[in-house]
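Coordinate inspection notes
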Amino acid sequence: MYNTFARMLIPDTSIVLISVDYRLAPEHPYPAPLDDCHKATIYALEHASKLGIDASKVMVGGDSAGGNLAVAVTHRMKTLNPPLLAQILLYPALQSLNFQLPSYQQTWTPMLTAPMMPAFYQYYFTGAANASVTEAMLKGTHVTDRIRERYSQFVDYRKLPESFRKDYVAPDVTTVDTDAAQKLEHFVLNTEINPLLSPNLAGLPSALVMTCEYDVLRNDGTLYAIRLNEAGVEVQHIDYKQGFHGMGVLIEDPLKFQSGLKLISDITQFIRSKSANE
């Protein structure tokens, strides 16, 4: 599936593309997947000449959970010299604090539904998911009032474009599931898992952030792009009308979508632009 995606990028950009076969949750929960991606990036930099890579023009990227890992790698390597050139994020998952943002309540597709995300995060946290904890996460009762008040500024739906929150009514969460809150606090506050909650995004590589109209993760990526811009990071945000989660790999018959091909074209243009300008 990703081979086709990668092979479509290479001829039009003349890049060396390294696809990381990182360990997957639930068999390998955090930090194993992130460690693998981090180590692969370090290896590529340390062996740049052997691999035919210009170490000053290294970009990282990923989609969905891979987008989360790509962002976390840029945070780990923030002080790298030379720095990473860019991050390319396709509908990334970036926070487990608030599953009641507008995009979680609006239209999405079977590719990724709102109830899936809390379970996926739990698999990444510990390798196992609990139905009652999943329900608490969907209701927003999995964090204490103290945590919600402290970090709500980073997931503030009011920063979203008005068209993204049309007819949205923010839920009034008045209870806390103490059992879920105790189990999850360590993970929800970990900014390697939840990079949108990182207090300081200054100094990160320039970014291409791609989101889709029909995707529960639309607001995660949009808020991250907004925060990057506020931190002085160069960012290009593309939101695909009629786009949906996973469209970037649906690019060959019998499931070929023009929106997926457009996404690849936009990535190609971004890579060319960054490679030429730096």
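Read on for an overview of the structure. This structure is a prediction, so every number in the text was calculated from the model and none was measured.

Glancing now at a nonpolar patch on the surface. On the surface, a nonpolar cluster with roughly 390 Å² of combined accessible area is contributed by Val16, Ile18, Val20, Tyr43 and Leu51. Topologically, Ile18 is positioned in the loop between helix H1 (2–13) and helix H2 (32–46). On the basis of relative accessibility, which here comes to 44%, the residue Ile18 falls in the partly exposed class.

Our next topic: the packing of aromatic side chains. Using the criterion set out here, one finds eight aromatic pairs in the structure. Where Phe99 meets Tyr104, the ring centres are 5.5 Å apart and the plane angle is 80°; that geometry is what we call edge-to-face. The exposure class assigned to Tyr104 is buried, which follows from its relative accessible area of 4%. Residues Phe125 and Phe187 carry aromatic rings whose centres are separated by 4.9 Å and whose planes lie at 10° to one another, so their mutual orientation is stacked. One end of the pair, Phe125, is in helix H6 (residues 116–126); the other, Phe187, is in helix H9 (residues 178–188), and 62 residues separate them in sequence. Its relative accessible area of 4% is what places Phe125 among the buried residues.

Residues Met117, Pro118, Ala119, Tyr121, Gln122, Tyr124 and Phe125 constitute the buried set of H6. Looking at the packing, one finds that the buried side of H6 touches H2, helix H4 (65–76), helix H5 (102–105), helix H7 (131–139), H9 and helix H10 (218–230). Of the residues one or two after H6, Gly127 is the one with positive phi, at around 95°.

One recurring pattern in soluble globular proteins is that nonpolar side chains are buried together. Formed by 57 residues in total, the largest nonpolar core has its most connected members in Leu97, Tyr104, Met117, Tyr121 and Tyr224. Secondary-structure elements contributing two or more residues to this core are H2, H4, H6, H7, helix H8 (145–151), H9, strand E3 (206–214) and H10. It is H4 that provides the largest number of residues to this core, a total of five residues. Setting aside residues up to four positions removed in sequence, Leu97 forms contacts with His142, Val143, Ile147, Tyr151, Ser152, Val155, Val188, Asn194 and Leu197. Counting 21 residues, the second largest nonpolar core, distinct from the first, contains Ile88, Leu208, Met247 and Ile267.

What counts, and at which threshold
- Residues numbered from 1 in each chain as written.
- Predicted model: local features only at pLDDT ≥ 70, side-chain atom pairs only at ≥ 80, totals over all residues.
- Heavy atoms only, no water.
- Patch = residues over 30% accessible without salt bridge, like charges linked within 9 Å, V, L, I, M, F, W, Y side chains within 5 Å.
- Areas by Shrake-Rupley, 256 points an atom, 1.4 Å probe, with all protein chains shown as cover.
- Salt bridge = Lys/Arg side-chain N within 4 Å of Asp/Glu carboxyl O.
- Helix = DSSP H or I, 4+ residues; strand = E, 2+ residues; numbered from the N terminus.
- Buried < 20%, exposed > 50% of the residue type's maximum accessible area, 1.4 Å probe, protein only.
- Phe/Tyr/Trp six-rings, centres within 6.5 Å; stacked < 30°, edge-to-face > 60°.
- Contact = heavy atoms within 4.5 Å.
- Core = buried A, V, L, I, M, F, W, Y, C linked by side-chain atoms within 4.5 Å.

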